[in-house]
Structures are given as C-alpha cells and as structure tokens.
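Summary of structural features
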Amino acid sequence: MAVETYEVFGQMKMGPAGSLPAVLHGKKAKIKCAEGDIFELPADAMALSLRARKDLLENGCETELDYPKITKSVMAKLAEYLKHHREHACSEIRTPLTSENLVDSGASRWDASFVNVDKETLFDLTAAASYLDIPGLWFLLSAKAAVLTNNKTADKLRKEFSMANDFPAAEEAELRREYAAAFKMPDADLSQLAASSVIRSGVKAAEYKSGKALEDSGEAQEVTLKSWRHAMWRAAVLDDWKLLANAPEQVKSDRDLVKSAVLTSQGQALKFASPELKSDESLVLDATRYSGTAFADAAPELRSDKNFLLKALGAHGGAMTGAPDALRNDKAFLLEAAKAGKGAAMQGASLALREDRNFVLDMSVHDAEAYKFAAEDLLNDKDFAVAVAKRNGKALKFMLPVFKADPDVVRAAVSRDPQAAQFAHAARRAELGMVQESIHGEVQLKEELQSQIKAAQEDSSTTTTLAMAQGPRQVPAQALAASMSSTYMKLNKTVYFTAMSTMTANMGQANYISSNAYMDKIPQFQRPEVDAVGLMWGAVGGIGMRWKAFASEDVLNKTPEALLTIPDSCKVLHVACCTISPPEWWSASHFDETTRGFYLQQTAGQIKLEISETASAESWEKQVEADRKALEDLPTIDRRPLPNNFAAAAPLGGWPSLVKSQSPAVPQIVGALQKGSKVRLTGLRAKNGVTGTLIQQFGDGKWKVKLDDGSGNALLRPGFFEPLQA
C-alpha cells in the first residue's frame, strides 16, 4: 500500500496515498544494481518506489530498470521491504515520537525490526530510499535516526559518530547565538542542531560512497564529511539559508550546500556564495531561474558577458536588471535578445529606452512581451497600443484590460494575427463569433483547457521544478531525487467563500463582516473574463470552524434543521465549482419561512417610486416591473437611502443614520483643466488634499499629475482631483 509524507505545523506526518496503478498488477519488474546483478520482483511491489513507478509506467515492465547507484546488498534489503509492504500496509508512525521504541509511536513490529541495523547500513538505506523516492521507508528510517540521536549532547554525538573536533569555541558560540535568534528560541546548547548534522552527514557520506552525489552536480565536491565544524554549519544553513551570510568561507564554497540554499531561498542565497561559486555559470543560471534579480549577485565578468547574459535572459527576463548600465542602454543587444524570443529583457532596459516609442515598437515586433515592460505613459496610451497591435497582434495579451476590451485595439490585433482574439475581452470575442452558447460556454472551456494542456506538455522539458524539503526537528529533510514538473494555466473559475452575516451584522463581527463584504464584490470585477462566484456559505454541522469552536455547545445544535449536512455541502460545492455562469453572488443555507421572508424583505436602499401602491401590497414581480418603469428615463440613479424610504421593522430601523448624518461637503474651486494647472487630489484612499500640477493628458481622459509632496507622479481621472484657482 502506497503512502505519502507531508508537513503539518512543522511536524512530518505520513498517511495513505492513492492506490497502485492497476496496469502493474500481475507483472514482474527487473532491477539492475551497481554490480550488474538482476533483481526480479512484483511490479506492484516495486511501484512503492515513486521513481520506479514512473519508470515502469513510461518504459513498460519489459524494460530492465538500471539503478547503478544502488549496491547489491542495499537492493536486497530494499526488495525485502517492498515485497513485505506489497501485502501489508505501511504502519503510520506518529510524530513527535513518544519514546525510543518505534512500536510505541505506531510502527509495526516488523518495521521496527527491519530498521534495527548498524549506522552505516541505516544511512545507506536512507540514501537509497531518497534516491528511489520510497516515502514510507524514508519516514521509517528517519524516525530510527531520530531515536539514535535523541537526548544526546552535541559533544556526545560528535564522539559517537567519530567527527573531527575542529569547531573553534568562539565560532561555535556565535553559531549558537545566530541559530537561536533565527528560530526565536532561548540560547541553549546545540544538541538539536548536532543531531541534524550527524544524520545529514551520514546520509551525505552514503550518497558519495554510492556515487549518487555525482548525479546532480556533475562532479565530486570536496567536502570534509568528518569535519564537525562543516557539518554543524551545513545543518544550520539547510535549516535557514540566511545563516549562510556569516558562515566560514569553506562553507560558502560548498557547492552542493549553496545550491540547496539557492533553491530554498528562490535564488537569494547566491549573494552569500563564495566568489568562485558566483562565477559558476550553472549555479548562477539556477539562481536566476528562480528570481531574475539574483543575476545582480553574479560575478562581474558573467554580468558583462553578452553571450552568458542571453542565457540568463532565457532563464528569467529580470536578469537584465542586474546587467551593467552599458548593456541596459545597448539598443542593439536588447533587439538581439528580442529576436531570440527574450523580449522580457525590456524590464531591465534603462528608463530612457522604455520611454522611447520607436524602440518599444521595434522590440514588440520581435517579441510581444517587450510591450509589457514599456514605460507607464506608453502602456496607458491607446494610440500607442493600436500601433503595437498592428505590428504584433500577440501584444494584446500584455495590454491593460481596458485595451483588451477596446474595439479599435482588438480589431488591429486580430487583423494582424487572428490568434490574438483569445486574449481579447469576452465581449469582443463574442462579437468575433468565438462564443456561441454563453460567455463561458462549456465547449469553449473544454477547448481552452485542451489547448493549455498541449502547451504545458510542450514546455514540460524546460519547466523549473521547485522542491522545498524542510523537514521537522525530529527527522532530517528528505532529498527529492525524482522531481515533479509544474506549469501555469489560465484561471477560468474562482469561488469566494463568504457568509450571509454581511446582511445580519453585529458589532462583534466587524472584521469578519468587512472581509466578507470585500469578497462579495470581487466576482463582479473578475467577470466575464473569469467565471467568478461569491458563495455565502451557510452553517455546516459536525465539521469545520463551528465544530472546532463550539462542538456540542453550538447554539445551532438546538435547530439541527438549520444546519447543512456534509452531503448537502458536497452538492453546494458541486454547483458552485462546476456550474457554468452561475449567479455571481448567492447563498446556500436552510431557512424556515420566517427567516427566508426576513432576508427577502426590502429594507434600506430602496429607490423611492412615484406609485401609490405600497410595497407590502404588491407581489415581488410587480415591484420589479414598477422599478423598471420608474428608472427607464433616468440618466443616473441615486441608490442611497432616502428619508422615510425604509420599513420600521428593517434591521437597525433601515439604518436612518445613513440619511441623517451627512458629511460636510468639500467646497469645489472651479477652474479650467489644462497643462500646467494646479489641482488638489480628492476621492482617494490616500493622499487626499495633496496638491499637484497637470503635466500631460492621455487619450483615455486620464491626466499625469506631478505631486507637490515629492512622492512622484500619479495617473488619475478627472474625478479624482479638482482644479485650483490660479
């Protein structure tokens, strides 16, 4: 039975995984070890190794699997484990471990006996379990290693594992202080870190012995595996990559360690690497792939090398931000990058080039993504958007939403490249005949999904895999040998889980209500590009937050008919997640007639109508029709509550304070809007009252305003500022 490992609040846990592939049942797998011996065992047993399972499914059971990093003795031990757990489920080990006897923590007696081996064999098996990706065995071996190091001082562990005593006392004290500060714990001995260091050193020694360490790095690393100083620093950096900043130069030169730190820091750790490693092209490309800004920490000779910079731009367009100023101003080099499909280099170009209309047009012709990083003024210029679209229709993908919905821009883009229609606003796609059944018809969604899957498969060979492997304090981190690929797909559906409390608020739920009210409004902004829906979730019994908070004392237990059951919830979720184009805001709950009537009752915010009938005397349908007739000739509609336009029985009496308490009006100072006019900002969340000068007006009516407080420029519509008299 397959298992998987996962982390919960810093503790590693294990649990059952999906069933083994049925196609492997009844077949045999052949495994070739380092010495050339062939092991034959049931394919479904070998499939407990995720690496072997992938190889078997891709190559078939007839193909011999060659694992030259696994020795004959280790493979024999692995085969014993795999055959046993083909028939017997892996025991679930509970963490933190309750005692030194693994049986007390949930391990079966067979499992506990299986790992009762000497230290060298234990680490050989751990390295092999990591290499073949056998989660259940790795977890069992890690638990055994934790037992071997539990409740032992750092000095005792150093002697027991025969590590060289080469750690200067002053440096050890400094590491203790930094490690304690990093994890916000009192300054104590380093026994916990020491336990992690000896386990990691043991596994690393096993990897080098088997030759597996050569697989990732391409060359053997000169690491003193018996150095206590190096082992302690290595374990500390693996726990927190920021500790690499003050590590000794020998540690900063450990390529394998720095590569791990680069991965966990998403490229940031490159700045702490030794000068030699900062000149390592492969390592710099890895860091740049995670974060383009990491390229700025590469050695100067690499940053100035045009050929290498092109490689870095292929990993991440942001690498251009770390290039020397001469290259950031080099038009010829940037055009060369765009011709090679690296238009994202535009984000690192100098401001002068990003404001150069002709240069941005030239870049966009070769790679549409270059337009995305043009200066703000150009991005908001409709005429420029049309000009770019005429030269490269795919640039529509990187334009502002207002231009994706603009008929002139879309027409220009589609005329140049019919494929650009997929990036247009849904309304424009409907005009082009791309949408037949509905804005988000099922046929269109399926076709779009298939096209994205195809694109993802084509890009899978270059997709970067991020493997975060920070384990708990009881067991060492798992080294992921076989990685999973990840791809980006366009978002088509979002569900926001809110609550009906926005309509039944009380003062004690202010934060809760405000967050729900915010989410209630998001779907209308995402539609129609994204099929968004706000689900006002009802009370669910026996599970979730209510159960955790109140359990049997929940007041709603007295009215169980008002609680949603788990089957009810499954139906609600199915409708919310799978229905195409549902109402953008709806509720799922059980109501009695009184409560239902209360929610449907019109209260504050009604529009006062010139009709004689009262609201209570007419049916709902007649009220809707009356609303339509009353509003059909009005150019604008003021939906604010009006005096006497609410029911006394409404919540809070129809919120009369909204009518009676009026904020004093801000006096308006009228003046002409023209370049050089002085204005005052108004109607914004911040900077209200700040004055500025109008610099430039754009085609969409917005003005560029230079602010007098020195904070820069703002791009605003006339409704967000008022002119001041000269």
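What counts and how
Numbering of residues starts from 1 in each chain and follows the order in which that chain's sequence is written. Residues qualify for local features only when their pLDDT is at least 70, as the model is predicted, and side-chain atom pairs are given and counted only at 80 or more; totals for whole chains, interfaces and linings, by contrast, use all residues. Derived side-chain values reflect all non-hydrogen atoms in the structure, with water molecules and hydrogen atoms excluded from consideration. Counting from the N terminus, the helices are DSSP H or I runs at least four residues long and the strands are E runs at least two residues long. By definition in these notes, contact holds between two residues if any of their heavy atoms fall within 4.5 Å. The Shrake-Rupley method, run with a 1.4 Å probe, gives the accessible areas here. Residue values count only the displayed protein chains as cover. Every helix has an expected span of 1.5 Å times one less than the residues it contains. Only protein chains enter the accessibility calculation, which uses a 1.4 Å probe. A residue is then buried if its area is under 20% of the maximum for its type, exposed if over 50%, and partly exposed in between. Confidence scores here are pLDDT values: one per residue, from the predictor, ranging 0 to 100. Salt bridges, as used here, are contacts in which a Lys or Arg side-chain nitrogen is within 4 Å of a carboxyl oxygen on Asp or Glu. Should DSSP find at least two bridges between two strands, the strands are taken to pair. The angle between two axes is taken between their N-to-C directions and runs from 0 to 180 degrees, where each axis is a line fitted to C-alpha atoms and a helix contributes only its stretch in contact. The criterion is simple. A nonpolar core is a set of buried Ala, Val, Leu, Ile, Met, Phe, Trp, Tyr and Cys residues joined through side-chain atoms within 4.5 Å. Pairs of N or O atoms within 3.5 Å make up the polar contacts considered here, provided that, within protein, one atom can donate a hydrogen while the other can accept it, and that residues adjacent in sequence are counted only when both atoms are side-chain atoms. Any two of the Phe, Tyr and Trp rings considered here, Trp counted by its six-membered ring, make a pair once their centres fall within 6.5 Å; the pair's planes then place it as stacked at under 30 degrees, edge-to-face at over 60, or tilted in between. Each ring is checked for a lysine NZ or an arginine CZ that lies within 6 Å of its centre and within 35 degrees of its normal; such an atom marks a charge sitting over the ring.

A word on the overall build of the protein chain. Tallying secondary structure elements over the protein chain gives 33 helices and 13 strands in all. Counting contacts in the protein chain only where the partners sit at least 6 residues apart, residues at least 24 apart contribute 58% of the total. As displayed, the protein chain offers around 38,800 Å² of accessible surface, 53% of which is attributable to carbon and sulfur atoms.

The end-to-end C-alpha distance of helix α9 (residues 191-210) is 29 Å, a good match for the 28 Å that 20 residues give at a rise of 1.5 Å each. Extensive coverage of α9 is indicated by the burial of 14 of its 20 residues.

The step from T95 to P96 runs through a cis peptide bond, and the omega angle for that step is 0°. Summarising the element assignment, P96 is placed in the loop between α3 (72-87) and α4 (109-114). A positive phi angle, close to 60°, is found at N151, a residue other than glycine. Checked against the element boundaries, N151 lands in the loop between α6 (135-149) and α7 (154-160). Judged by its relative accessible area of 71%, N151 falls in the exposed class.

Next up on the list: the confidence of the model for the protein chain. For the protein chain, the mean per-residue pLDDT works out to 79, and 76% of the residues sit at or above 70. At the level of individual helices and strands, the protein chain shows its lowest average pLDDT in helix α33 (residues 657-660), which scores 40, and its highest in helix α14 (residues 275-278), which scores 96. A low-confidence stretch, residues 460-486 stays under pLDDT 50, and its non-local contacts, those more than four residues away or across chains, total 54 contacts. Segment residues 604-618: pLDDT under 50, and 19 contacts once partners within four positions in sequence are set aside and those in other chains are kept.

With respect to the helices, strands and loops of the structure, N392 is situated in the loop between α23 (382-391) and α24 (401-404). Apart from the residues within four sequence positions on either side, N392 is in contact with S364, V365, D367, A368 and R416.

Attention now moves to the pattern of salt bridges. Going through the model one piece at a time under the given rule, you end up with 30 salt bridges. Between K159 and D155 there is a salt bridge, with the nearest N and O atoms lying 3.2 Å from each other. Highlighted residues: K159 and D155, both in helix α7, separated by four residues, approximately one helical turn. Two residues, K204 and D256, come together in a salt bridge whose shortest N-O distance is 2.7 Å. Of this pair, K204 sits in helix α9 while D256 sits in helix α13 (residues 255-264), placing them 52 residues apart in sequence. What you see here is one network of salt bridges that share partners, running through K204, E207, R234, D254 and D256.

In a beta sheet, neighbouring strands are held together by backbone hydrogen bonds and run either parallel or antiparallel to one another. The sheet built from three strands is open, its strands ordered β4-β3-β5 with mixed pairing. The open sheet is flanked by β4 (38-42) and β5 (65-66), the only strands paired with a single partner. Where strand β3 (residues 28-32) lies against β5, two bridges are found, and the strand directions are parallel. Each residue of the ladder has a partner; that of K32, found in β5, is D66. Running at roughly 5° to β4, α3 makes contact with β3 and β4 of the sheet.

If you trace the three strands from one edge of the open sheet to the other, you get β6-β7-β8, paired in parallel fashion. Because the sheet does not close on itself, it has two edges, and the strands there are β6 (493-498) and β8 (585-588). Neighbour to neighbour, the strand axes of the sheet diverge by 30° on average, direction disregarded. Pairing of β6 with strand β7 (residues 531-537) involves six bridges; the strand directions are parallel. The partner of V495 across the bridge, within β7, is V533. Against the sheet, helix α28 (residues 510-526) engages β6, β7 and β8, with an angle of about 160° to β6.

On to the nonpolar core, then. Ranked by internal contacts, the top residues of the largest apolar core, which has 139 residues, are M46, Y67, L78, L313, M320 and M399. For M320, the residues in contact, after removing those within four places along its chain, are L309, L313, L327, R328, F333, L334, A345, G348 and A349. Counting residues in each nonpolar core, the second largest holds ten residues, with V679, L681, V690 and A714 among its members.

Bridging between strand β9 (residues 678-681) and strand β10 (residues 691-697) involves three bridges; their strand directions are antiparallel. Bridged to V679 within β10 is G692. Both β10 and strand β11 (residues 703-707) contribute to a ladder of five bridges, which runs antiparallel. Bridge assignment links Q697 to a residue of β11, and that residue is W703. Here β10 folds back onto β11, and the loop between the two strands holds five residues, one of which, G701, carries a positive phi near 95°.

Quick look at α13 now. Where α13 is concerned, the buried positions are R255, L257, V258, A261, V262 and L263. Put simply, D254 is the residue that caps the front of α13, since its side-chain oxygen is 3.2 Å from the backbone nitrogen of D256. Of the residues flanking the end of α13, it is Q266, one or two places downstream, whose phi is positive at about 55°.

Tallied over the full model, the rule gives eleven aromatic pairs. Here the aromatic cluster, defined as three or more aromatic residues joined through ring pairs, consists of Y81, W110 and F114. When the ring centre of F114 is taken as origin, the NZ or CZ atom of K77, which lies over that ring, is 4.6 Å away. Over the face of the ring belonging to F161 we find K119, whose NZ or CZ atom lies 5.4 Å from the ring centre.

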